[in-house]
Amino acid sequence: MAGHSSAAVARTGNNPFLRVVAALSTLAGWCSAAMIVAAVAITCQMIFIRFVLNGSTVWQTEAVIYLAIAATLIGLPYVQRLRGHVNVDLIPLALSKRACFVLAMFTLSLSIVMVAIMLWYSYEFWHLTWERNWKSDTVWGVRLWIPYLALPVGFALFLLQLVADMVAILLKIEQPFGLEDV
């Protein structure tokens with residue numbers, strides 16, 4: 001049963017809310033890609049400093065770690081918009097249209113609740129680092145609220161994209177699970 005899935009990029013129709021969310025998710029994807037490119041460039045610079053110039057590095061490893069984590073979190077809504085997350089469509093394909101709709105609403109609702117909980121606690125954690133002015137225990141001593149800001153921002157954008165997916169299904173702009181009639 002191998003083959004291409006018929007799922008595609010989330011549709012927006014002419015709905016302004018869906019178009020704004022799609023634009024935000026796309027912007028987040030570009031920012032995420034830029035963070036990956038920056039992390040690769042910093043890694044190359046670090047290798048050059050260490051092994052060619054025989055110098056020491058202070059901030060590079062920490063910056064690459066923060067950039068990779070932030071790219072993952074900020075990239076969540078873009079991957080959701082492109083339907084790039086793991087999607088097992090064997091069950092939705094076997095269900096009737098009504099049952100597929102119910103399953104989609106259930107899974108989206110559960111995902112929205114879980115991501116909202118993650119957003120709440122990530123905001124609380126970020127706010128704590130900002131309020132107490134925590135810094136990393138490294139020579140660089142970066143203020144931790146800066147890299148930790150990726151947590152609430154990433155989860156907020158992901159939550160927004162999940163809500164947009166639900167709205168698109170409820171307004172019949174998109175089929176549940178992005179599957180068209182076969």
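Provided above is the structure to which this section pertains.
All of these numbers come straight from a predicted model, not from anything done at the bench.

Novice: What is the right way to read the overall build of the protein chain from this model?
Specialist: Along its length, the protein chain carries seven helices and zero strands. For the protein chain, the sequential pattern of α-helices and β-strands runs α-α-α-α-α-α-α. Here the C-alpha atoms of the protein chain give a radius of gyration of 20 Å, more than 25% beyond the 16 Å that 2.2 N^0.38 yields for 182 residues. Overall, the C-alpha framework of the protein chain stretches about 65 × 40 × 30 Å when taken along its three principal axes. In the protein chain, which comprises 182 residues, the proportion classed as buried is 35%. Within the protein chain, contacts between residues at least 6 apart in sequence are counted, and of these 75% link residues at least 24 apart. For the protein chain, the accessible area works out to roughly 11,300 Å², and carbon and sulfur atoms hold 70% of it. If you average the places of the 11 positive and of the 9 negative side-chain charges in the protein chain, the two averages end up 5 Å apart.

Novice: I'm lost on the pattern of salt bridges in this one. Help?
Specialist: Any two side chains of opposite charge can pair, given that their charged atoms come close. All chains considered together, the criterion is met by two salt bridges. With a shortest N-O distance of 3.2 Å, Asp165 and Arg83 are connected by a salt bridge. Of this pair, Asp165 sits in helix H7 (residues 150-170) while Arg83 sits in the loop between helix H3 (76-81) and helix H4 (90-94), placing them 82 residues apart in sequence. Linking Arg83 and Glu174 is a salt bridge whose minimum nitrogen-to-oxygen distance equals 2.9 Å.

Novice: Where do I start with the packing of helix H1 (residues 16-52) against H7 in this structure?
Specialist: If you want to describe how two helices pack, look at the angle between their axes and the distance between the axes. Contact pair H1 / H7: the axes reach a minimum separation of 10 Å and the direction vectors enclose 145 degrees. Classified by chirality, the crossing of H7 by H1 is left-handed. Packed against H1, whose contacting residues are Phe17, Leu18, Val21, Leu24, Ser25 and Ala28, the element H7 presents Leu157, Leu160, Gln161, Val163, Ala164, Val167 and Ala168 at the interface. Tallied by class, residues from the contact of H1 with H7 come to 11 nonpolar, two polar and no charged.

Novice: Would you take a moment to explain unusual backbone geometry for this structure?
Specialist: Note: most peptide bonds trans; most residues except glycine with negative phi. Positive phi, close to 60 degrees, is recorded for Arg83, a residue that is not glycine. Of note, Lys172 is a non-glycine position whose phi angle comes to about 60 degrees, a positive value. On the secondary structure map, Lys172 appears in the segment after H7.

Novice: Help me understand a nonpolar patch on the surface in this model?
Specialist: Among the surface-exposed residues, Val58, Trp59, Val139 and Trp140 lie close enough to one another that they form a single nonpolar patch of about 410 Å² accessible area. In this structure, Val58 sits in the loop between H1 and helix H2 (60-74).

Novice: So what exactly am I meant to see when it comes to the nonpolar core here?
Specialist: Note on soluble globular proteins: their nonpolar side chains tend to be buried together. Leu108, Val115 and Leu162 are the most contacted members of the largest nonpolar core, which totals 22 residues. At the level of elements, H1, H2, helix H5 (97-131) and H7 are the ones that each hand at least two residues to this core. It is H7 that provides the largest number of residues to this core, a total of seven residues. The contacts of Leu108, once residues within four sequence positions are left out, are Leu162, Asp165, Met166 and Ile169.

Quick notes on the rules
- Residues numbered from 1 in each chain as written.
- Predicted model: local features only at pLDDT ≥ 70, side-chain atom pairs only at ≥ 80, totals over all residues.
- Heavy atoms only, no water.
- Helix = DSSP H or I, 4+ residues; strand = E, 2+ residues; numbered from the N terminus.
- Rg over C-alpha atoms; globule rule 2.2 N^0.38 Å.
- Buried < 20%, exposed > 50% of the residue type's maximum accessible area, 1.4 Å probe, protein only.
- Contact = heavy atoms within 4.5 Å.
- Areas by Shrake-Rupley, 256 points an atom, 1.4 Å probe, with all protein chains shown as cover.
- Lys, Arg positive; Asp, Glu negative; His and termini not counted.
- Charge placed at Lys NZ, Arg CZ, Asp CG, Glu CD.
- Salt bridge = Lys/Arg side-chain N within 4 Å of Asp/Glu carboxyl O.
- Axes fitted to C-alpha atoms, helices over the stretch in contact; angles between N-to-C directions.
- Left-handed = near helix turned anticlockwise from the far one by under 90°.
- Nonpolar A, V, L, I, M, F, W, Y, C, P; charged D, E, K, R; others polar.
- Patch = residues over 30% accessible without salt bridge, like charges linked within 9 Å, V, L, I, M, F, W, Y side chains within 5 Å.
- Core = buried A, V, L, I, M, F, W, Y, C linked by side-chain atoms within 4.5 Å.

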